[in-house]
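Each chain, letter by letter, is given below.
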Amino acid sequence: MIQFERFTLNNGLKVLFHKDPTTPLAVVNTLYDVGARDEDPDKTGFAHLFEHLMFGGSVNIPDFDKPLQFAGGESNAFTSNDITNYYDVLPAQNIETALWLESDRMLSLAFTAKSLETQRSVVIEEFKQRYLNQPYGDVWLELRPLAYETHPYQWATIGKEIKHIEEATMQDVKDFFRAHYCPNNAILCIAGDFELNQIKTLVEKWFGEIPSQEKYVRNLPIEAVQKEFKQKTIERKVPSDAFYYAFKMPARKDPDYHTADIISDAIGGDKSSRLYQAILKKAKLVSEINAYITGSLDQGLFLITGKLAPGKSFEDLDAALWLELDKINHLHMETKELERLKNKIQTAKEFQEQGLLNRAMNLSFHELLGDANGINTEKDSYKNITPEAIHRVSNQLFRKENCSLLKVKAI
Amino acid sequence: MLDRTISPAIHDIEKIHFVEPKIYPLQHETKLFLMKEVFDETVRIEFHFQAGAIQGVKNAANFVNSLLFSGTKDKSSTQIHEELDQLGAYLDQEISSEKAFVSVYCLRKNVEKVLDIVHDSITNVAFLEHELSDMIQEKKQRLLVSLEKVNFLARKAFQQHLFASNEVYRRQLEPEDFDQIKIEDLKAFHREFYLNGLSKIVVVSNLEEAIINRIVEQFKGWSNTTTKTYETKFNNNKGTFHITKKDAIQTAIRIGLPMFNKKDEDFIDFQFLQTIFGDYFGSRLMSNIREDKGYTYGIGCSLVETKLTGYFVIATEVAKEVSEATLTEIKYEIDRLQTEPIPADELNLVKNYLVGQLLKSADGPNSMMDMFLSVYDYQLPLDFYANYLRKIKDMKSETIQKLAKKYLNWSDFTIITAG
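As a starting point, this report considers the structure included with it. (Residues numbered from 1 in each chain as written. Chains lettered and ligands numbered in written order. Predicted model: local features only at pLDDT ≥ 70, side-chain atom pairs only at ≥ 80, totals over all residues. Heavy atoms only, no water.)

### Quick look at the sheet that holds strand β10 (residues 310–319) of chain B
Applied cut-off: Two strands are said to pair when DSSP picks up at least two bridges between them. By the criteria applied, helices consist of DSSP H or I runs no shorter than four residues and strands consist of E runs no shorter than two, each listed in order from the N terminus. Simply put, an axis is a line fit to the C-alpha atoms, just over the touching stretch for a helix, and the angle between two N-to-C directions goes from 0 to 180 degrees. Two residues form a contact once any of their heavy atoms are found within 4.5 Å.
If you trace the five strands from one edge of the open sheet to the other, you get β7-β11-β8-β10-β9 (chain B), paired in mixed fashion. Looking along the sheet, the strands with just one partner apiece sit at the ends: β7 (239–243) and β9 (296–305) of chain B. The mean angle between the axes of side-by-side strands here comes to 15 degrees, regardless of whether they run parallel or antiparallel. Where helix α4 (residues 113–132) of chain A meets the sheet, it contacts β8 (250–258), β9 and β10 of chain B, and its direction lies at approximately 70 degrees from that of β9(B). Packing against the sheet, helix α5 (residues 150–162) of chain B makes contact with β7, β8, β10 and β11 (414–418) of chain B, and its axis sits at approximately 25 degrees to β8(B).

### What about the side chain of B:S77?
Just so we agree on the cut-off: Burial here depends on accessible area, computed with a 1.4 Å probe over protein chains only, as a share of the maximum for the residue type. Under 20% is buried, over 50% is exposed, and the range in between is partly exposed.
Looking at the element boundaries, B:S77 is found in helix α2 (residues 77–86). When its relative accessible area of 6% is taken as the criterion, B:S77 is described as buried. If sequence neighbours within four positions are ignored, B:S77 has contacts with A:K281, B:F69, B:S70, B:G71 and B:E131.

### Examining the environment of B:F189
Residues and elements named next belong to chain B. Tracing the sequence through the fold places F189 in helix α6 (residues 183–193). Its relative accessible area of 2% is what places F189 among the buried residues. Each C-alpha atom of the pair F189 and G298 lies 39 Å from the other, and the pair is 109 residues apart in sequence. Apart from the residues lying within four places of it in its own chain, the contact partners of F189 are A51, G52, Q55, G56, A60, A61, V64 and Y194.

### Details of the environment of A:G56
All names here are of chain A. Relative to the helices and strands, G56 resides in the loop between α1 (46–53) and α2 (65–70). With relative accessibility at 28%, the residue G56 sits in the partly exposed group. Sequence spacing of G56 and F111 is 55 residues, and the spatial spacing of their C-alpha atoms is 7.8 Å. When near neighbours in sequence (up to four residues on either side) are disregarded, G56 contacts P62 and S115.

### Side note on the pattern of salt bridges
Rule in force here: Any Lys or Arg side-chain nitrogen located within 4 Å of an Asp or Glu carboxyl oxygen qualifies as a salt bridge.
Across all of its chains, the model carries 62 salt bridges over all chains by this definition. Of the charged contacts in the structure, one is a salt bridge between A:E125 and A:K128, with a shortest N-O distance of 3.1 Å. With A:E125 and A:K128 both in helix α4 and three residues apart, the pair spans about one turn of that helix. With respect to class, A:E125 is no different from A:K128; both count as buried. A cluster of three or more residues bridged by salt bridges with shared partners is formed by A:K114, B:D292, B:K293 and B:E329.

### A short note on the packing of aromatic side chains
The way to describe two aromatic rings as a pair is by their centre distance and the angle between their planes. As a reminder of what qualifies: Two rings from Phe, Tyr or Trp (for Trp, the six-membered ring) form a pair when their centres are within 6.5 Å of each other. A pair whose planes differ by under 30 degrees is stacked, one over 60 is edge-to-face, and the rest are tilted.
With the rule as written, the count across this model stands at 45 aromatic pairs over all chains. When the centroid spacing of 6.3 Å and the interplanar angle of 70 degrees are considered together, the rings of A:Y86 and A:Y181 count as edge-to-face. On the criterion of sequence distance, the pair formed by A:Y86 in strand β5 (residues 84–91) and A:Y181 in the loop between α7 (170–180) and β6 (186–192) is long-range, its members being 95 residues apart. For A:Y86, a relative accessible area of 0% puts it in the buried group. Since its relative accessible area comes to 2%, A:Y181 is described here as buried. Between B:F260 and B:Y407, the aromatic rings sit 5.3 Å apart at their centres with planes inclined by 80 degrees, giving edge-to-face as the arrangement. With B:F260 in the loop between β8 and α8 (267–278) and B:Y407 in helix α14 (residues 397–407), the pair connects residues that are 147 residues apart, well separated along the chain. Summarising the burial analysis for this pair, B:F260 and B:Y407 share the class buried.

### Quick look at the packing of helix α3 (residues 111–123) of chain B against helix α7 (residues 209–219) of chain B
Residue and element names in this part refer to chain B. The condition is simple: Note on terminology: angles under 35 degrees are roughly parallel, angles over 145 are roughly antiparallel, angles of 65 to 115 are roughly perpendicular, and the others are oblique. Note that Gly is not counted as nonpolar here; it falls among the polar residues with everything else outside the nonpolar set of Ala, Val, Leu, Ile, Met, Phe, Trp, Tyr, Cys and Pro and the charged set of Asp, Glu, Lys and Arg.
Two elements in contact, α3 and α7, have axes separated by 11 Å at closest approach and are oriented at 5 degrees. Classified by the angle between their axes, α3 and α7 sit roughly parallel to one another. From α3, V111, E112, L115, D116 and H119 reach across to α7, where they touch I211, R214, I215, Q218 and F219. Partitioned by chemical class, the residues of the contact of α3 with α7 number five nonpolar, two polar and three charged.

### A few points about α7(A)
Residues and elements named next belong to chain A. Stated formally: Our arc is simply the arc of the directions from the helix axis toward the C-beta atoms.
When α7 is considered as a whole, its buried residues turn out to be D172, V173, F176, F177 and H180. The buried residues of α7 occupy one face: seen down the axis, they fall within an arc of 135 degrees. On its buried face, α7 is in contact with β3 (25–32), α1, α3 (95–107) and α4.

### Side note on the interface of chain B and chain A
Definition in use: Each of two parts loses accessible area, computed with a 1.4 Å probe, when they are put together; buried area is these two losses added. Any pair of N or O atoms that falls within 3.5 Å is considered a polar contact. Within protein, one atom must be able to donate a hydrogen and the other to accept it, and sequence-neighbouring residues count only if both atoms are side-chain atoms.
Taken together, the contacts link 71 residues of chain B with 70 residues of chain A. On the chain B side of the contact with chain A, B:R4, B:Q86 and B:Y297 bury the most area, a combined 13% of that side's loss. Run the count over chain B and chain A and you get eight salt bridges. Of the charged contacts, one joins B:D247 and A:K237 as a salt bridge, the two residues approaching to 2.7 Å between their closest N and O atoms. Inspection of the chain B/chain A interface yields 30 residue pairs in polar contact (both at pLDDT 80 or more). Secondary structure elements with two or more residues in the side of chain B that touches chain A: β3 (42–49), α2, β5 (100–107), α4 (129–146), α9 (284–292), β9, β10 and α11 (344–361) of chain B. Its residues assigned to classes, the side of chain B that touches chain A comprises 29 nonpolar, 20 polar and 22 charged.

Any link to function would need more than the numbers given here.
In structure tokens, the structure reads:
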């Protein structure tokens, strides 16, 4: 059980506090309810570019990193299609430094021209390094628009193209900040060896006066139910052919989400998984095969991906794969197999709870889903999965008309 | 009225709390290290073997490490993995130049059964032909993908030139090697470097004494019986070497030279120097090449320790058009370290940052275990860290300058660009 307390400031800031008396460190985690899905389709890559700018100095503090390093701490952040998450880790006795820094950049950024220019270049290099200069690096830039025709998930966090980042203006950036970076759009989680009243006092001191803004109302284009199979083939200079089958799956808060998750483990999570055994070990059609889910807040994707073995064709793999998926759709999973999957999940969750930072981030994320206590009750969601649920959800997932297929042909 | 321009007070960190692991001898020099400060049901066990890439016949180390759970004469790899998965266990296998590791992650309630499977699988691995060919296929594909990446090509070339004086440290997997594997070589390697090559067992879990004794009894037969030799000093090829990668839009850069490990009297001071230079977000390299010029998404350096020596390396990937400019800036930053004293506020910032990092690396049972082994493996006492803390706090800019002049001469470096 991960214990925590929760309170809300007048300006709408939700605050979580998790006490851990065993560590000399403290974590200050700030989750903003904004991600790539909230971008304008002609101005993509902004949420991520913005994450970089958050380190470029705030209205009262010209340099974010130095004061934190001086306090013996460090910081990082990440952006996804759904959220932007910032975290600071530092010696507990210096926690006030982190609160001072985080509250000031929530209040307002410095918005210097130099910061925008530098981070623009840095993000462009990141785009190249991770997506363009790697074999198979641009797969997600192709797969997303294939799977999602109207929903903003059709573009990746890095952006649709480098041009959007090149053309971002200071006004664009300021507008983005005003719309999304305010206390009523954020969840703050503090973890470490403190007392609740101490944390309440400090948080009220630094965050209490930050004005709330008009709450951003999310009104995203809805992706119509997929009614037909879609596919695309691209040619790339890569060592082997690769395949990416993307099936539409339940959103994060949907009651069937955890069932879809466990199905991904069952069919392609590890070396005893069904696809690994049937398609790699027995049929030798692939040199690797995996199944995993995107875990997004809106309707997600269930992926089956891999690389063809030399001399094998997409057609052979396709036939074998649908055969296996058909078997799964007719399956009534045995208790033993289900127990095996649940046992692995149990071990993984136990290890995840070890790090202070992991706990703080997960508490914040579950609070975004509706209740931070989800971090504790999620175990039950997995425990309670039945073979019937697996049968039902598999049959919804593994239909050809629910599938978007990207094939990468090696040239 | 709250004044946001004034930073809150910073509190000094005076000392750092360590817990030492308990040590249980196996046989000969091999020992088990136990960290019990774990307040949950997790178990992490790491088996260390002297089965690194420098040992035995070329590439045997790599293939054997991958095949450890590929099946015995009684159980297929599928069965082994199913049994381990049924117990909710995760496995990891890793290999470096000098060592090999097998890591096991599970919950306390299953540890005995999991270890029985691990012991049987590794002791009785049969090296079956079809398992070998599956592994070859997988590895070959991964290698071919890696060979398309500039950072991999740079690392490969760096290894060639940094370890110019020692052939076994230069060993790397090449696509041609896959056709030349002989099962007899793999079996011989396995016997010598796994079944007689266990150098330590690391346990992080709240396990009872009886279980620990069981582990000792079960695995002590693998204890290594012979001492192996390791390099004491590398001689690198100095100068610039370029690897061409057609159509690359970024260039990977690796720059480095032989150095030392924590037994050297300059180690702690050099750690401070290399942190200022490139081992934190506000470093000279990051501030210049990323934050000022925007040439890269990341640049850094580190001091890498080997068993008896070490080396220093600077690494980055930059836009192709600015690769020459990046080399110029790196050299410029080295010159600055040698000619300009570090300003007091930067020195103090890095002091505080390093103390914070030390605190972080002593936080939690896994970190404390790593900290302990980090000095134990070099036959140093744990008060190394008290000394470390003191040296950091007392650091003077003259020391940094002196060290930069002593160790960072551009003409001594191996400089690799790939792209």
